Amino acid sequence: MAENENGGSAKRLKTDAENDRGDTGEPSCDSLVSDFEVSRILRDCAREKNIFIHGKVKDQDAVVILEKTPIRQDTLSELLKSSQVKLEMKNDVYSTYQLRAPAHLNEIKTTVVCPATEKHVKKYLHQEVFLVEESGEDYRKLTLPYISGQSFSVQWVHNILEKKAEADRIVFEDPDPDTGFVLLPDFKWDQKQLQDLYLIAIVHRRDVKSLRDLTSEHLPLLKNIRSKGQDAIQRQYSVSPSKLRVYLHYQPSYYHLHIHFTSVEYDAPGCRVERAHLLSDVIQNLQADSSYYQNRSLAFPLRADDGLLLKFKEAGKV
Ligand code: DD3
């Protein structure tokens, strides 16, 4: 069992067998990876130990993301004992080695988007980033028309809410149509260690696109997510509320309201000040002023190739 930072044991981290459930017996899924032909590297990062690749599966465009996973405390002794060791160099008290870990301790987390749209491909290309400041009026005149005209598919979100996908991954559900939500691991998290814990709460209501739509009417929803989400994570993973960063993105990557729960010690993508809004701050702002998020200016980063940036440029706002 994994020891967490509190010295407690992460009792309910899924076993490999549980994590792998449902991954077998589907040759069509295996072939998404084995039939993948690389066209070009979109991005790679030595520090994050990942690579984003554009390519084709049969005739379809696809994006494949490969990522080395963190070293797990619960398999450490097995790793040290059962790996082949090759000395690289020795100098004074210093020496370096290459460990050949046994196959089951040497997995690579793999995400496939297939068929991938142009937008999926662009999302991972490295781009210059600009900070824009959006007033309430900018939102209504520029951003809202822009996002309404885009075809951001949230089919995968509806699949989760309707139990057509990932039903076995749900950690907690409150089925109430107004204040209810589904809590499940974000698929960036492989659930094998708590360091990079990452869950998302997806609300059942389908009429809230983002932070901009929130008013005091949504306070019961937001408070419900905060308290029941924290409780569920405490129960399931023995991680206490004070170890969690609970926040919303603006702009979100999909326009169906969802809340991020990450480990406070994990520098999750999108947790920086220009994108993340702490749920507790959001709740307090709405308590003070119901139309806070309709009126105030919100700053957020936009990539150079984002169509919304062009709208802000045309309007002379960047
Ligand atoms: C997404 C943001 C979206 C590419 C990629 C990810 N968690 C998801 C589908 C199912 C999921 C997520 C869009 C898409 Cl790599 C395009 O994320 C998802 N399921 N973040 C979970 N659990």
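Residues numbered from 1 in each chain as written. Predicted model: local features only at pLDDT ≥ 70, side-chain atom pairs only at ≥ 80, totals over all residues. Heavy atoms only, no water.

Peer 1: Quick question: what am I supposed to make of the sheet that holds strand 13 (residues 276-278) here?
Peer 2: The pairing of strands in a sheet comes from backbone hydrogen bonds and takes either a parallel or an antiparallel form. An order of 8-9-10-12-11-13 is seen for the 6 strands of this open sheet, with the pairing classed as antiparallel. Both outer strands of the open sheet, strand 8 (172-174) and strand 13, are each paired with one neighbouring strand and no more. Going across the sheet, the axis of each strand differs from the next one's by a mean of 25°, ignoring polarity. Where strand 11 (residues 244-249) lies against strand 12 (residues 258-263), 4 bridges are found, and the strand directions are antiparallel. Bridge assignment links Leu 244 to a residue of strand 12, and that residue is Ser 263. Contacting strand 8, strand 9 (181-185), strand 10 (198-203), strand 11 and strand 12, helix 7 (residues 219-237) crosses the sheet at an angle of about 40° to strand 9. (Pairing = 2+ DSSP bridges. Helix = DSSP H or I, 4+ residues; strand = E, 2+ residues; numbered from the N terminus. Axes fitted to C-alpha atoms, helices over the stretch in contact; angles between N-to-C directions. Contact = heavy atoms within 4.5 Å.)

Peer 1: I would appreciate a short explanation of the pairing of strand 2 (residues 50-57) in the present structure.
Peer 2: Note on strand geometry: in a regular strand, side chains alternate between the two faces of the sheet. Among the 8 residues of strand 2, 6 are classified as buried, and the element is accordingly described as predominantly covered. Between strand 1 (residues 36-45) and strand 2, which pair antiparallel and follow one another directly, the connecting turn spans 4 residues, one of which, Lys 49, has a positive phi of 55°. As paired strands, strand 2 and strand 3 (residues 60-68) are joined by 8 bridges and run antiparallel to one another. Across the sheet, residue Phe 52 finds its bridge partner in strand 3, namely Ile 65. Between strand 2 and the antiparallel strand that follows it, strand 3, lie 2 residues; Lys 58 among them carries a positive phi value of about 55°. (Buried < 20%, exposed > 50% of the residue type's maximum accessible area, 1.4 Å probe, protein only.)

Peer 1: Can you walk me through the pairing of strand 1 in this structure?
Peer 2: In this sheet, strand 2 lies alongside strand 1 in antiparallel orientation, the contact comprising 8 bridges. Bridge assignment links Glu 37 to a residue of strand 2, and that residue is Lys 56.

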